[in-house]
Amino acid sequence: MRVRAEEAGRIPHEGRLPAVANVAVRLVDVVKKFGETVAVDHIDLEVRDGEFFSLLGPSGCGKTTTLRMIGGFEEPTAGLIELQGQDVTWLPPYQRNVNTVFQNYALFPHLTIYENVAFGLRRKGVKEAEIKSRATEMLELVELPGFENRKPNQISGGQAQRVALARALINRPAVLLLDEPLGALDLKLRKQMQVELKRIQKEVGITFVYVTHDQEEAMTMSDRIAVMNRGHYEQLGEPEMLYERPQTRFVAGFLGVSNLIAGRVDATAGGDWATIALDNGVTVRAPRALAEGKTRILLGVRPEKIRLYETHETVPESHNRMPGTIRAASYMGVSTQYQVDVPGNRRLTVFEQNVERATKSELWAPGEVVVVGWQPQHSFVVRDESAEAAAEEATEVAAEPFGE
Amino acid sequence: MGGFIKRHRWIAPYALLAPGVLWLLVFYVYPGIQMFIASFWSGTLETGFTFSVSNWTNYPDALQGASAQFVRSILYAGAATLLTFLIAYPLAYTIAFKGGHYKALLLFLVVAPFFTSFLLRTISWKIILGDSGLFLAPLKTIGLVPSDFRLLAEPVAVVSGITYNFLPFMTLPIYVSLEKIDHRLVEAAKDLYAGPWRPGGAIAGLVIGGLLGGVLGYIFEYSIPVFAIAAAAAGAIIGWFFISQSFTRVTFPLSLPGVFAGSLLTFIPAIGDYVNAEFLGNPGTTMVGNVIQNKFLVQNDYPAASALSFILMAGILVAVAIYARALGTEGLTTGRG
Ligand SMILES: Nc1ncnc2c1ncn2[C@@H]1O[C@H](COP(=O)(O)OP(=O)(O)OP(=O)(O)O)[C@@H](O)[C@H]1O
Ligand SMILES: [Mg+2]
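Given the structure is predicted, the values throughout are model-derived calculations rather than measurements. (Residues numbered from 1 in each chain as written. Chains lettered and ligands numbered in written order. Predicted model: local features only at pLDDT ≥ 70, side-chain atom pairs only at ≥ 80, totals over all residues. Heavy atoms only, no water.)

### A word on the overall build of chain A
As a reminder of what qualifies: A run of H or I in DSSP becomes a helix once it reaches four residues, and a run of E becomes a strand once it reaches two; helices and strands are each numbered from the N terminus. For the exposure calls, accessible area comes from a 1.4 Å probe over protein chains only, and a residue counts as buried if that area is under 20% of its type's maximum, exposed if over 50%, partly exposed in between. Contact between two residues is taken to exist if any of their heavy atoms lie within 4.5 Å; hydrogens are not considered. Each accessible area is a Shrake-Rupley result for a 1.4 Å probe, and residues are judged covered by the shown protein chains and nothing else.
In terms of helices and strands, chain A carries 10 helices and 20 strands. Counting every position in chain A, which comprises 404 residues, the buried fraction comes to 51%. Within chain A, counting contacts between residues at least 6 apart in sequence, those at least 24 apart form 66% of the total. Carbon and sulfur atoms form 50% of the exposed surface of chain A, whose accessible area is close to 18600 Å².

### Let's talk about the interface of chain B and chain A
How big an interface is tends to be reported as the loss of accessible area on association of its parts. For clarity, the threshold we go by: The buried area of a pairing is the accessible area, by a 1.4 Å probe, that goes missing from both parts when the two are put together, added over both. Salt-bridge detection follows one rule: a side-chain nitrogen of Lys or Arg within 4 Å of a carboxyl oxygen of Asp or Glu. Each residue gets one of three labels, nonpolar for Ala, Val, Leu, Ile, Met, Phe, Trp, Tyr, Cys and Pro, charged for Asp, Glu, Lys and Arg, and polar for the others, Gly among them.
Taken residue by residue, the interface counts 21 residues in chain B and 24 residues in chain A. Buried surface at the junction of chain B and chain A, both sides included, amounts to about 2200 Å², of which 61% is carbon and sulfur. Taken together, the connections running from chain B to chain A amount to one salt bridge. Arg68 of chain A is the salt-bridge partner of Glu187 of chain B, the closest N and O atoms lying 2.7 Å from each other. Examining the composition of the side of chain B that touches chain A, we find that seven residues originate from one element, helix 9 (residues 183-191) of chain B, more than from any other. A class-by-class count of the residues in the side of chain B that touches chain A yields 10 nonpolar, four polar and seven charged.

### What about the domain arrangement of chain A?
Convention followed: What fixes the domain bounds is an automatic or database domain assignment.
Assigned domains within chain A: domain 1 (23-97 + 173-242) and domain 2 (257-388). Spacing between the C-alpha centres of domain 1 of chain A and domain 2 of chain A amounts to 35 Å.

### Some details on unusual backbone geometry
A positive phi angle, close to 60°, is found at Asn345 of chain A, a residue other than glycine. Summarising the element assignment, Asn345 of chain A is placed in the loop between strand 17 (335-342) and strand 18 (346-353). A relative accessible area of 82% places Asn345 of chain A in the exposed class. Positive phi, normally seen in glycine, also occurs at Asn300 of chain B, with a value near 55°. Its place among the elements puts Asn300 of chain B in the loop between helix 14 (288-298) and helix 15 (302-327).

### Focus on the pattern of salt bridges
Residue and element names in this part refer to chain A. A complete count under the given rule lists 27 salt bridges over all chains for this structure. With a shortest N-O distance of 3.0 Å, Arg26 and Glu46 are connected by a salt bridge. Residue Arg26 is found in strand 1 (residues 23-34), and its partner Glu46 is found in strand 2 (residues 37-48); the two are separated by 20 residues along the sequence. A salt bridge links Arg122 to Glu115, with the shortest nitrogen-to-oxygen separation between them at 2.8 Å. Its relative accessible area of 25% is what places Arg122 among the partly exposed residues. On the accessibility criterion, Glu115 (24% relative accessible area) is partly exposed. Connected through salt bridges with shared partners, the residues Glu143, Arg162, Glu196, Arg199 and Glu203 form a single ionic network.

### A word on the sheet that holds strand 9 (residues 224-229) of chain A
Residue and element names in this part refer to chain A. In plain terms, the rule: Each pair of strands is called paired provided DSSP finds at least two bridges between the two strands. Angles here are taken between N-to-C directions and fall from 0 to 180 degrees, while the axes themselves are lines fitted to C-alpha atoms, restricted in helices to the stretch in contact.
If you walk across this open sheet you meet the six strands as 6-7-8-3-9-10, and the pairing is mixed. With one partner strand each, in any of the chains shown, strand 6 (98-101) and strand 10 (232-237) form the two edges of the open sheet. Within this sheet the neighbouring strands show an average axis-to-axis angle of 20°, counted without direction. In this structure, strand 3 (residues 52-56) lies alongside strand 9, joined through four bridges in parallel fashion. The residue bridging Ser54 from the neighbouring strand is Ile225, located in strand 9. On top of the sheet, helix 1 (residues 63-71) reaches strand 3, strand 6, strand 7 (175-179), strand 8 (207-212) and strand 9; it is set at about 150° to strand 7, its chief contact. Packed on one face of the sheet, helix 5 (residues 187-204) meets strand 3, strand 7 and strand 8 and runs near 160° to strand 8.

### Overview of the packing of aromatic side chains
Applied cut-off: Paired rings are identified among Phe, Tyr and Trp, the last through its six-membered ring, by centres lying within 6.5 Å, and are further divided according to the angle between planes into stacked (under 30 degrees), edge-to-face (over 60) and tilted (the rest). Criterion for a charge above a ring: Arg CZ or Lys NZ at most 6 Å from the ring centre, at most 35 degrees from the ring normal.
Throughout the structure, instances matching the rule amount to 28 aromatic pairs over all chains. Between Trp125 of chain B and Tyr164 of chain B, the aromatic rings sit 5.2 Å apart at their centres with planes inclined by 35°, giving tilted as the arrangement. Of this pair, Trp125 of chain B sits in helix 6 (residues 118-129) while Tyr164 of chain B is found in helix 8 (residues 155-179), placing the two residues 39 residues apart along the sequence. Exposure remark for Tyr164 of chain B: the relative accessible area of 24% places this residue in the partly exposed category. Between the NZ or CZ atom of Arg167 of chain A and the centre of the ring of Phe108 of chain A, over which it lies, the distance is 4.8 Å. For the cation-ring pair, Arg302 of chain A lies above Tyr243 of chain A, with the distance from its terminal atom to the ring centre recorded as 4.0 Å.

Right, here's the structure in full:
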């Protein structure tokens, strides 16, 4: 994570980008059905001009479908799509100022690299001299000068990726759509291209809408991310927000590892903190703003935020704490991952940096009794959908208050 | 045994080729050589044939005697190839891209005529095109064509017959090449501003249609301007409404290998065909195949028939070589290159 420890308390806010930024893409209540399947389920979305925006989610959640509707390859069943304030819902792709980098690159096999790159400008009727200078410039931008006369089957996957990028960017679209553009590359090339893509995006200043199912990729590259699940997004925000303050169980689980314990909000009496009574009998504190208006919740804390203390050590007064027993330890070089049993039959995952401990004998050993502690501002609160659903059902069926 | 094969891996490709090579040796090369020898014969079946190199004059003699049929063969086969292409391409395109669940059924329908004999199919055309047949009778009753108008025994009947008989040979290769085009390439083209072609397509359609119509009018021995104007109009309409830039820039170039294969599979057998001219034509529409057939089977003039066959073969070889060079098959057959 990019958030350093001393910063962690100060959680960045969405408002950090200028609030008046122009909207590059706007989806208004967009729905897409394929027969019975609802691929996109009422999405409202605003992508700001010049930002690197990612759609992140598991396979089949509707990322590609959303992107294809923006590109014009798919018509929405309902809703509205705007590009730079213009309604383009029913415009064909060739009338939209948007270009796409396809997952398999879709380079034209019968044309040279130069002709591939020049394709869009030729269709627009740009003068030959300008095409030539822009194509050369583009091939330089993607670091492929001298490849003009090759055919797509004479270049590597990584190079094809760059050609696809050049072929789209040369048209200077308002928005560039990328559907898992690095999906076919091996890990090393992928990492390299992530940096490259980010550099190019900064350089050309074009809005990128980027589809990926790789949370790390989305986190390192994006200005903002929409985390999608089953046809809609569950949370939208900057990577830090999504990681530090996930609002749903799905987001908490999809981005990184989370420890979640069920509980109920006891009191939000005054001050910065809410008191939360966990179902395992422990009472902890969490930022009040996160808990307000909720009753049944899941309290979350990231594994690297937890510290393990000896039973005789003093845990700072303000910290949340509970007793634990080490169940398993796996040494991973940079850090050690522990499984810690805590009251209520819960098991927490804890990452401890191997800063102070160097040899194996200094690690916590299975069976050791410890105290688990973390700062209250590192707690996050997620709505407990299962408890809410259960409660709803109970009231519907029996019309009686749900006993806890 | 396995060890032997392992140590002599180079044998494998030859072993795989052997049956085909053997087949060709027995049924193609051997009769070919014999025919080549026969083309230097002189004499008749009664007196017996004698071989002499000085009989090379058989070639110019044969060519001279059948020059009209040669020209006609080229024109008819060319026209039929063009027409099969014009019919087969939209057909293959529709099946490949819009066929949906019916692809297999539609393909079956394309080859279904093959379940009846070639001869029967051609004779049925004779009935359809007859002076008071299925096609003309209604037109004549409503007075759309004069009562002495005929299709049968005209060049148009011969070309129609060939076109019909070889349609699957054109359709299937084009279908195969269209079918394997990645649909995302078409989407990519549209993404890169390839929209409808409109004026360009209409003008191209007008010019190409006019030219082809004129040529067909000439071959059918019918009014050239009427054909040219009608075809130009049709071409312009098709060009305006149906030809998009993604088609001309991506789909069509990528389907050229199929067009190439299909036109060879149609043109080569069509140029040697004699059945269609025999049943659907008149003495003035005979093709070189009719001459060869007549000389071999009726007149027993083996030397002239052999010489004609060789000229035909050599002509086709040269034509195919030029065609392949013009279309740049090396790049085409791989679809990339
Ligand atoms: N053309 C189509 N016809 C029918 N169903 C479709 C079609 N395209 C997508 N779907 C369905 O819509 C849902 C969303 O698909 P989509 O391709 O958008 O997912 P995705 O998030 O891009 O997944 P992945 O990460 O696997 O690419 C899936 O359930 C899929 O089966
Ligand atoms: Mg997808």
